[in-house]
Amino acid sequence: MSVPPETSERDESSRSVGENALRLLTVALAHAWQALLWERLWPVLAAAAVGAGIFLAASWAGFWISLPPLGRIVGLALFGFILLASLIPVMWLRLPRTADALRRLDYSSGLAHRPATAITDMLATRADDPVADALWRTHRARAAETARRLRAGWPRPHLAARDPYALRALVLLAVVATFFMAEGERMKRITAAFDWTGVIAPRLYRVDAWVTPPAYTGRPPVLLPGIRHDQPAPGETAAISVPTGSELVVRATGLRSVDLSMTAGLIEEKNDSPTGVAEGGIERHFRIGDNGSLTVRGLPAGSVIWGFRAVPDRAPVISHTRDPQTIGRAGLSLSYRIEDDYGVVSAEARFTRKAGPAREGAPAPRPLVTPPDFALSLPQARTRAGVGQTTKDLTEHPWAGATATLVLAARDEGGNEGLSEPREIRLPERPFTKPLARALVEQRSNLALDVHARERVGRALDALLIAPERFTPEPAVYLGLRTAATRLKLAKTDDDLRSVVDYLWEIAVLIEDGTMSDAERELRAAQDALRQALERGANEDEIRRLTDKLRQALDRFMQALAEQLRRDGTTDARPLDRNTRIIRPQDLKSMLDRIENLARSGARDAARRLLDELQAMLDGLSRNRQARGDPGSGDMNTMLDELGRMIQEQQRLRDRTYREGRDSRGERRNRGPEQGQSQRERRAFGDLRQGQEGLRQKLERMLEEMRRLRQGGGEEGEDDPGKESGEALGRAEQAMRDAEGALGEGDSDNAVEGQGRALQNLRRGAQSLAESMRGEGDGPGEPGGAQAESAERTDPLGRPVRSREYGDDFTVKVPDEIDIQRARRVLEELRRRLGEPDRPRLELDYLERLLRDF
């Protein structure tokens, strides 16, 4: 069935009008639904807001502050009941339906025939009735034309009917007024309602923190401001200075977790087995490597920020207090000052040697043996500031006699090392009087300092084997030289060459000392063992055992010395010098007893100095023994005695010349200056001139004899030990000539001046001659020299006296390891008890004060 064109156009127009009406109706329905919802919800919210306003007004008015804890609980419960009662209607609250919204639109728009409902209605009769359908369509079209005038209107919750006395406005006014009354304390007055201390036990917790510096610093732990449940958090604290590498420990009790944040200067460390932590507690460890901070957040009491300034550990400072001294024959004595901020744990002396210019085409020198580095004794354990002294016997080391650069090194427990200024010194060496022994020691040094000198040393040993009946008449010495030369030729490794170096030393000592070498070596080993025990602070039993061993070695040395003197037939020989001290065995044993008593009483430094003096005395015995066995020592000793008599005679001549000049000037004043010398004056000056001439001739004959002895001993050259004495005596001979000429002219003033110069040079020559006879380089080690300065000084009760002059250390004694461990256990126990919140408050406060003042 076809539809007329006019009918189709009418249907399209009707469809367009319906779509526009539905769109407008949808918007109006949304507004109506929202208005209905607000009308139903706002009364409930207003009631709750009135209750909250009353609570705020009461809080800001100071209501809770004036109530006791029990009253706060009752009041807060009442307000809670009011709030719940006001919110109960929410349980029965229903959301608006579409039909409710349509009715709201029809009612609020004021239009006839319910247009909003009509637009959404459907035809109730059958749809195949064209008349009814046409009427329905017309009805809907008319309703759609009014869709633009549909209005939901404003919500009308009818609060006036619910609150006819406008109490809500009174509550709002009270809130605004009390808001300004509680300025600055608003949150404090609100939270006061929840402060029920005394009725309900608060949550017990605390966060403690402390910094433990490294043990070697000797500094006590630092207790940081902590957090407690009953106190406000300290907030950001002032930064504290702690040593680099200190450990920061944070311990929390009564908390399940702690929010910590750290800066780059701190490094967290694992702690698998914490000690002293209460059950349920938390402990975290951090290492302070640089400036930084640690923050604790999320606690009811607030947050805290701990700041740290890391103080780095400075390197130790070590320096010489005086020039290195020679003790005995080849003992090197070093005196030094050590300073460090936390304490030095070790020090040593290091030697380096500059290699001389290599010959063209020759390889660079390569030493066989290591430098004679040795440890230095410390004034005390972990020395912070003090003066120390160490003596090392370098007799047997191949570097003895070489020129080396000395550097002192000190190291602290933190690994920092400090060095002293380098000093170039000549290492002391043992003097050898026999030419063959000196030659072997020289070749030994050449081989030890340069492995490439092997061929040159071999040629020197072969040369020493020429004409054995003249140079090496003893079979043992000849066989030793032959063995050394053979071992040198067959050596294949550096170890083989080192064994040759040691063997050459044994032969040289055998040639020099004979059978005395074993007893002397045993004595020196016993001295070194006792000295090392004193330096490291050994106990009394070890000191007593080593002292007894030294007594036994000393007895054997004295017996061997007496036996050798008896065998050589020199038991009745007089000393080399009339001023030489005579040492009895009782004196040596008395010194050993004093060393043991000083070490037992704690005066280890004094005992060490006395041991050095004992070594110097024994070295003097060895030198005297060597001088007695030297064929040319008798002539040199005679010269030394003759020089002593010359010095006395020259002194008498000078005194006579001075007196004669004074008498002559008095006579000339009496008789007048125009008169010449009297006969008595000419005779007196003539006698003085003859005496001066005779003394000069004696000195000339002595100088000639000294030249003959040096030429016979093969000691002419730059290193001639008697060259200095010869030069001094030569200047004395020239001064005598000048004085002799002045006496011939009757000039007493110039004569006295020349005789004074002669006397001065005679003394210098005698001193140089005596030193050359004792052995080169032994001057400072003689008793009465450096040893006299380090002799033990005691008070009337026999206790050692300390003095700043000698660099004694007056610092406080550092606690030993046992004391430190005991203190750490006490600290840990205090921290454990402080972390138990169940303890009484009075006890916790006392423990906290203890930790703060520890």
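None of these values were measured; they are calculated from a predicted model. In this convention, every chain numbers its residues from 1, walking through the sequence in written order. Given that this is a predicted model, residues contribute local features only at a pLDDT of at least 70 and side-chain atom pairs are listed and counted only at 80 or more, while totals for whole chains, interfaces and linings are drawn from all residues. The side-chain values count all of the structure's non-hydrogen atoms but skip hydrogen atoms and water molecules.

A.B. asks: Report on the overall build of the protein chain, specifying residues and quantitative values.
C.D. replies: Each helix corresponds to a stretch of at least 4 residues labelled H or I by DSSP, and each strand to a stretch of at least 2 residues labelled E; elements are numbered beginning at the N terminus. Scanning the protein chain for helices and strands turns up 25 helices and 19 strands. Each residue is assigned to one of three classes by its accessible area relative to the maximum for its type, calculated with a 1.4 Å probe on protein chains only: buried under 20%, partly exposed between the two thresholds, exposed over 50%. Looking at the protein chain residue by residue over its 854 residues, the buried ones come to 41%. Considering only intrachain contacts with a sequence separation of at least 6, the fraction spanning at least 24 residues in the protein chain is 73%. Accessible surface is estimated by sampling points in the Shrake-Rupley manner with a 1.4 Å probe; for residues, cover comes only from the protein chains shown. Total accessible area computed for the protein chain in this model is approximately 47900 Å², and 53% of it derives from carbon and sulfur atoms. Here a residue-residue contact requires only that any non-hydrogen atoms of the pair lie within 4.5 Å.

A.B. asks: Go over the environment of I65 with me, naming the residues and quoting the values.
C.D. replies: Relative to the helices and strands, I65 is located in helix α2 (residues 63–66). Each C-alpha atom, one on I65 and one on A193, is 7.7 Å from the other, the two residues being 128 residues apart in sequence. Not counting residues up to four positions away in its chain, the partners in contact with I65 are R72, R189 and A192.

A.B. asks: Please set out the pattern of salt bridges residue by residue, giving values where relevant.
C.D. replies: Salt bridge, as used here: a side-chain nitrogen of Lys or Arg that lies within 4 Å of a carboxyl oxygen of Asp or Glu. Enumeration according to the criterion identifies 28 salt bridges in this entry. Of the charged contacts in the structure, one is a salt bridge between E269 and R287, with a shortest N-O distance of 2.9 Å. With E269 in strand β8 (residues 266–269) and R287 in strand β9 (residues 282–288), this pair connects stretches of sequence that are 18 residues apart. You can call E269 partly exposed: its relative accessible area is 29%. For R287, a relative accessible area of 28% corresponds to the partly exposed category. Of the charged contacts in the structure, one is a salt bridge between E829 and R833, with a shortest N-O distance of 2.9 Å.

A.B. asks: Lay out the nonpolar core with the relevant residues and their values.
C.D. replies: Think of a nonpolar core as a cluster: buried Ala, Val, Leu, Ile, Met, Phe, Trp, Tyr and Cys residues, connected wherever their side-chain atoms sit within 4.5 Å. Within the largest apolar cluster, 52 residues are counted, with the highest numbers of intra-cluster contacts made by L334, F351 and L376. Every element with two or more residues in this core is listed here: β14 (331–352), β17 (403–412), α10 (435–449), α11 (454–464), α13 (475–490) and α14 (494–513). Element by element, the count of residues in this core is highest for α14, at 10 residues. Not counting the four nearest positions on each side in its chain, F351 is found in contact with L332, P371, P372, D373, F374, W399, A404, T405, L406, I425 and L427. Within the second largest apolar cluster, 27 residues are counted, among which are I647, L699, A735 and A751.

A.B. asks: So what about α13? Which residues, and what values?
C.D. replies: The end-to-end C-alpha distance of α13, which contains 16 residues, comes to 22 Å, matching closely the 22 Å that a straight helix rising 1.5 Å per residue would cover. Every buried residue belonging to α13 is among V477, G480, L481, A484, A485 and L488, and all of these are buried. Take α13 and look down its axis: the buried residues cluster within an arc of 130°, on one side only. Opposite the buried face of α13, by more than 90 degrees, sit the exposed residues P475, A476, L479, K489 and L490. Those residues of α13 that are buried lie in contact with α10, α11 and α14. The span expected for a helix works out to 1.5 Å for each residue beyond the first. Directions are taken from the helix axis to each C-beta atom, and the arc is the one they span.

A.B. asks: Account for the side chain of Q755, naming residues and giving values.
C.D. replies: Here Q755 shows up in helix α22 (residues 748–774). Since its relative accessible area comes to 1%, Q755 is described here as buried. Residues in contact with Q755, not counting those within four places in the same chain, are Q650, L653, R654, T657, Q692, A739 and L743.

A.B. asks: Explain α10 to me, using residue names and the numbers behind them.
C.D. replies: An α-helix turns once per 3.6 residues; consequently, residues spaced three or four apart project the same way. With 15 residues, α10 ought to run about 21 Å at 1.5 Å a step, and its terminal C-alpha atoms sit 21 Å apart, in line with that. When we look at burial in α10, the residues that qualify are L436, A437, L440, V441, Q443, R444, S445, L447, A448 and L449.

A.B. asks: Just give me the short version of the environment of L653, but keep the residues and values in it.
C.D. replies: Tracing the sequence through the fold places L653 in helix α19 (residues 633–671). Separated by 38 residues in sequence, L653 and G691 place their C-alpha atoms 7.5 Å apart.

A.B. asks: I'd like a description of the confidence of the model for the protein chain, backed by residues and values.
C.D. replies: The score called pLDDT rates the predictor's confidence residue by residue, from a low of 0 to a high of 100. Scored by pLDDT, the protein chain has a mean of 76; 76% of the residues are at 70 or more. Taken as a whole, residues 1–14 scores under 50 in pLDDT and shows 3 contacts with residues more than four places along the chain or in a different chain. Counting interchain partners and residues more than four positions distant, the pLDDT-below-50 stretch residues 776–817 has 69 contacts.

A.B. asks: Quick one: what's the story with the packing of α10 against α11, residue by residue and with numbers?
C.D. replies: How two helices pack is summed up by the angle between their axes together with the distance between the axes. An axis is simply a line fitted to the C-alpha atoms; with a helix, the fit covers only the stretch in contact. Between two such axes, the angle follows the N-to-C directions and lies from 0 to 180 degrees. Taken N-terminus to C-terminus, the directions of α10 and α11 make an angle of 165°; their axes are 9 Å apart at the nearest point. It follows that α10 is roughly antiparallel to α11 by the angle criterion. The handedness of the crossing between α10 and α11 comes out as left-handed. Residues L436, A439, L440, Q443, N446 and L447 of α10 form the contact with α11, whose participating residues are R454, R456, V457, A460, L461 and L464. Here the contact of α10 with α11 is composed, by residue class, of 8 nonpolar, 2 polar and 2 charged. The cut-offs work like this: below 35 degrees is roughly parallel, past 145 is roughly antiparallel, 65 to 115 is roughly perpendicular, and the gaps in between are oblique. It is the rotation of the near helix from the far one that decides the hand of a crossing: anticlockwise by less than a right angle makes it left-handed, clockwise makes it right-handed. Each residue is assigned to one class: nonpolar for Ala, Val, Leu, Ile, Met, Phe, Trp, Tyr, Cys and Pro, charged for Asp, Glu, Lys and Arg, and polar for all the others, Gly among them.

A.B. asks: I'd love a proper account of the packing of α10 against α14, names of residues and values included.
C.D. replies: Contact geometry for α10 and α14: axes closest at 9 Å, N-to-C directions at 165°. Between α10 and α14, the crossing angle belongs to the class labelled roughly antiparallel. Note that α10 runs across α14; the crossing there is left-handed. Residues L436, A437, L440, V441, R444, L447 and A448 of α10 lie in contact with α14, whose contacting residues are L497, V500, V501, L504, W505, I507, A508, I511 and E512. Of the residues assigned to the contact of α10 with α14, the class counts are 14 nonpolar, no polar and 2 charged.

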